[in-house]
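Spelled out from the first residue to the last, the chains are:
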Amino acid sequence: MVYYRVRRIRGKYYLIKEWYDPLTRKKRSKSLGSCEAIEKLLQWCGGWDSNPRRPTPSGPKPDPFDLARAPPPPIA
């Protein structure tokens, strides 16, 4: 199981990933970065669309009569 913790080291806060390694039978940890840098990254990404879509075409639009289907043939 993986745990994420915030630890204060020398006055700054860091996001730490901790897990248990079954091979070495020890608790492992890795710093993912300072909370300040992670916050700046999240604020920077906040204005962008995470799923950029194709812009809507601005060409001529077809007539509604062209889009209409023909009626079904009569059943005799």
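Residues numbered from 1 in each chain as written. Predicted model: local features only at pLDDT ≥ 70, side-chain atom pairs only at ≥ 80, totals over all residues. Heavy atoms only, no water.

## Describing the overall build of the chain
- For the chain, the helix and strand inventory stands at 2 helices and 3 strands.
- For the chain, the α and β elements follow one another from N to C terminus as β-β-β-α-α.
- Scored against the burial criterion, the 76 residues of the chain give a buried share of 5%.
- Looking at the chain alone, contacts between residues at least 24 apart form 4% of all its contacts between residues at least 6 apart.
- Accessible surface, the chain: about 8000 Å² in total, of which carbon and sulfur atoms supply 57%. (Helix = DSSP H or I, 4+ residues; strand = E, 2+ residues; numbered from the N terminus. Buried < 20%, exposed > 50% of the residue type's maximum accessible area, 1.4 Å probe, protein only. Contact = heavy atoms within 4.5 Å. Areas by Shrake-Rupley, 256 points an atom, 1.4 Å probe, with all protein chains shown as cover.)

## Quick look at the confidence of the model for the chain
- Put simply, the chain has an average pLDDT of 80, and 75% of its residues get 70 or more.
- Confidence, read as mean pLDDT per element, is least for helix H2 (residues 64-67) in the chain (70) and greatest for strand E2 (residues 12-21) (92). (pLDDT = per-residue confidence, 0-100.)

## So, the sheet that holds strand E3 (residues 26-34)
- On the basis of which strands lie adjacent, the open sheet formed by 3 strands has the order E1-E2-E3 and antiparallel pairing. Each edge of the sheet is formed by a strand with only one pairing partner; in this case those strands are strand E1 (2-9) and E3. For this sheet, the mean angle separating the axes of adjacent strands, direction not counted, is 30°.
- Sheet analysis places E1 next to E2, joined by 8 bridges and oriented antiparallel. Residue pairing in the sheet places Val2 in a bridge with Trp19 of E2. (Pairing = 2+ DSSP bridges. Axes fitted to C-alpha atoms, helices over the stretch in contact; angles between N-to-C directions.)

## Some points on a nonpolar patch on the surface
- Taken together, Val2, Tyr4 and Leu32 make up a surface patch of nonpolar side chains, about 290 Å² in accessible area.
- Along the chain, Val2 turns up in strand E1. (Patch = residues over 30% accessible without salt bridge, like charges linked within 9 Å, V, L, I, M, F, W, Y side chains within 5 Å. Salt bridge = Lys/Arg side-chain N within 4 Å of Asp/Glu carboxyl O.)

## What about the side chain of Glu18?
- Positionally, Glu18 belongs in strand E2.
- The buried category is assigned to Glu18, whose relative accessible area is 7%.

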